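Breakdown of the fold
If you want the building blocks of each chain, they are given just below.
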Amino acid sequence: MLEDLSHSILDIAENAVNAEATKIVIEIAEGLDENKITMIVSDNGKGMDEDLLSKISDPFVTSRKTRRVGLGIPFLRQAAEGCDGFFEIRSSPGKGTSVTASFRTDHIDCPPMGDLAATLITLLLGWPDKRWIFRYKINGRQFELDSDEIVRVLGDKESLRSCEVATWLKGWIDENLSILRLGGSDQYAQDKKS
Amino acid sequence: MPKIRNLEDLRKIKESAKDLTAARSGGRTRIIVGMGTCGIAAGAREVMTAILAELEKRGIKDVAVETTGCIGMCQFEPLVDVIRPGEPRITYGNVSPEDVPRIIAEHLINGNVVTDKVIGRTD
């Protein structure tokens, strides 16, 4: 099993990279009142036909050549279903794939979110030529990161690989997620002051 | 009121570090971290975060940090490859975040391979 949800997101997002996607959207929605977290990773990669799709939760099915077991999807399915959540993969050949997993946050087996910022900079630094869109929604408010916007500020994609840029981005993401969790920048400022 | 980071501030980081992109052109040291499911489960993301933090702390700019998928040596994950220009590619296995400062100080800076962590070398 992977340690927490942020590790699963990293893993599933890499499936999208391996499916030759050029654009990958990671969306997390948290409803604090309904004790539920839903994450969706969708890509515009090569997709899977029905036959492969029906077998993809089987650990002994993988397209990889270096190792004959694939555990990423089974791990996530097990984690979601283990806390009364929901798991689904939709895919169509040539169009892309989307993986949805939801979790009941008040269930004792619900994994913690973990370090999302570390996952995101790993993806940005690892695959700077992909377009990464990340959205985190809590009770209707949201933080959005679009790698195209970051690249526009930087001037070129290769700068995403710089460790100074990665470190700055990690701080920026952490800060924005804290602001979101605390309910807006005013509350965040108050909290930092006190 | 404390200052909240703005994405436009990133432009200044980029401008202050003029050699930012030079790391990708040939002739620079490359560090490659295995980031397949096996690597992730073994702690590769934490190792990569530690590498970034150590490079940042030491102000080392001319290094390219990259990731790769599973290479079939899952039992040795996290795997970290260090390639210094003109030298063999060294593969370190079972790397923990605590090993990172030693690998960077010994191998990257001083040029001495950290032999007790090596699991392979490719000329």
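Residues numbered from 1 in each chain as written. Chains lettered and ligands numbered in written order. Predicted model: local features only at pLDDT ≥ 70, side-chain atom pairs only at ≥ 80, totals over all residues. Heavy atoms only, no water.

For the peptide bond that leads from B:Glu77 to B:Pro78, omega is -5 degrees, which places it in the cis range. With respect to the secondary-structure elements, B:Pro78 resides in the loop between β2 (63-68) and β3 (80-83). A positive phi angle, near 55 degrees, is found at A:Asn35, a position not held by glycine. Among the secondary structure elements, A:Asn35 is positioned in the loop between β1 (23-31) and β2 (36-43). The backbone phi angle of B:Asn94 is positive, close to 50 degrees, even though this residue is not glycine. (Helix = DSSP H or I, 4+ residues; strand = E, 2+ residues; numbered from the N terminus.)

Membership of the largest hydrophobic core comes to 84 residues, with the highest contact counts inside it found for A:Ile26, A:Phe103, A:Phe134, A:Tyr136, A:Ile150, A:Leu169 and B:Ile51. The biggest single contributor to this core is helix α6 (residues 163-182) of chain A, with 9 residues. Excluding its chain neighbours within four sequence positions, the residues that come into contact with A:Tyr136 are A:Ile28, A:Glu30, A:Ile37, A:Met113, A:Leu116, A:Arg141, A:Gln142, A:Phe143, A:Leu177, A:Leu180 and A:Arg181. (Core = buried A, V, L, I, M, F, W, Y, C linked by side-chain atoms within 4.5 Å. Buried < 20%, exposed > 50% of the residue type's maximum accessible area, 1.4 Å probe, protein only. Contact = heavy atoms within 4.5 Å.)

Residues and elements named next belong to chain A. Following the criterion strictly, the structure yields 4 aromatic pairs over all chains and no others. With a centroid separation of 6.3 Å and an interplanar angle of 65 degrees, the aromatic rings of Phe 134 and Tyr 136 are classed as edge-to-face. Taken individually, Phe 134 and Tyr 136 each receive the classification buried, so the pair is uniform in this respect. Consider the rings of Phe 134 and Phe 143, whose centres lie 6.3 Å apart with planes at 65 degrees: the pair is edge-to-face. What makes Phe 134 buried here is its relative accessible area of 1%. Judged by its relative accessible area of 6%, Phe 143 falls in the buried class. Here a set of aromatic residues connected by ring pairs shows up, and it is made of Phe 134, Tyr 136, Phe 143, Trp 168 and Trp 172. (Phe/Tyr/Trp six-rings, centres within 6.5 Å; stacked < 30°, edge-to-face > 60°.)

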